[in-house]
Amino acid sequence: MMMRVHWPLLGVLRGMGVTLRNFFRRAVTVRYPEERSALPERFRGRLWLNLKTCLGCTLCSQVCPNGALQMVRREKTEQIETAQKRDHLLFPQVDIAMCTYCGWCSDICPAGAIRHSPAFELARCDREHFIYTPEMLAQSEEELTAQARGGEG
């Protein structure tokens, strides 16, 4: 049986060879958040809801694989202007921390009222801030951040 001799220096030289081969290649990373990469065309970020076109059909909550979407009742307000003749309307409320961004809710919506936005910077400090009410889903992430900063000071 033939024994193989291990040379410690040989492994180091192979590693340095890989380093030298890739040393002059263009970097594949960016200096986030100063630099931003372009998002893919079909990127799925935070959910966005159009309150005016939502039918309250509950299909989005039924198809959600892990129950991140729940239907809640809302009164008609200035923000919720709808052609429906009911006083109490059902809208989806989303727990973003549980959402897997699968896209099933936006695929099944007959009115196209719920869809994924390109927003992906959703860091929060408290668990309760991950629950997005229908009114919050109708706003952009920038608007929500501005409201939160205005309420702190």
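Residues numbered from 1 in each chain as written. Predicted model: local features only at pLDDT ≥ 70, side-chain atom pairs only at ≥ 80, totals over all residues. Heavy atoms only, no water.

Q: Tell me about the overall build of the chain, and name the residues and values.
A: Regarding its fold elements, the chain presents five helices and five strands. When the elements of the chain are put in sequence order from the N terminus, they spell out α-β-α-β-β-α-β-β-α-α. Per-residue burial for the chain yields a buried fraction of 29% across its 153 residues. Relative to all contacts within the chain whose residues are 6 or more apart in sequence, the contacts with residues 24 or more apart total 69%. For the chain, the accessible area works out to roughly 11500 Å², and carbon and sulfur atoms hold 57% of it. (Helix = DSSP H or I, 4+ residues; strand = E, 2+ residues; numbered from the N terminus. Buried < 20%, exposed > 50% of the residue type's maximum accessible area, 1.4 Å probe, protein only. Contact = heavy atoms within 4.5 Å. Areas by Shrake-Rupley, 256 points an atom, 1.4 Å probe, with all protein chains shown as cover.)

Q: Explain the environment of C105 to me, using residue names and the numbers behind them.
A: When you line up the elements, C105 lands in helix α3 (residues 104-108). Each C-alpha atom of the pair C105 and V63 lies 6.5 Å from the other, and the pair is 42 residues apart in sequence. Those residues in contact with C105 that lie beyond four places of it in its chain are L47, C60, V63, L69 and I114.

Q: Before we move on, can you summarise the nonpolar core with the specific residues and values?
A: Among the nonpolar cores identified, the biggest contains 21 residues, and L47, L49, L69 and I114 are the most heavily contacted of them. Here the element with the most residues in this core is strand β3 (residues 88-95); it accounts for three residues. (Core = buried A, V, L, I, M, F, W, Y, C linked by side-chain atoms within 4.5 Å.)

Q: Describe in detail the pattern of salt bridges, supporting the description with residues and values.
A: In the structure shown here, the tally under the stated rule is four salt bridges. Ionic pairing is found between E121 and R36, a salt bridge with its closest N-O pair at 2.7 Å. In this pair, E121 sits in the loop between β4 (114-116) and β5 (131-132) while R36 sits in the loop between α1 (8-22) and β1 (47-49), placing the two residues 85 residues apart along the sequence. Note that R127 is salt-bridged to D95, the shortest N-O span being 3.1 Å. Highlighted residues: R127 in the loop between β4 and β5 and D95 in strand β3, separated in sequence by 32 residues. With relative accessibility at 48%, the residue R127 sits in the partly exposed group. On the basis of relative accessible area, D95 is assigned to the buried category, the value being 11%. (Salt bridge = Lys/Arg side-chain N within 4 Å of Asp/Glu carboxyl O.)

Q: Can you explain the side chain of R46? Please cite residues and give values.
A: Position of R46 among the secondary structure elements: in the loop between α1 and β1. Judged by relative accessible area, R46 falls into the buried class, the value being 1%. Within the structure, the side chain of R46 is placed 2.4 Å from the backbone oxygen of Q139, a separation counted as a polar contact. Here E141 takes part through its side chain, which lies 2.7 Å from a polar atom of the side chain of R46. (Polar contact = N/O pair within 3.5 Å; in protein donor to acceptor, adjacent residues only side chain to side chain.)

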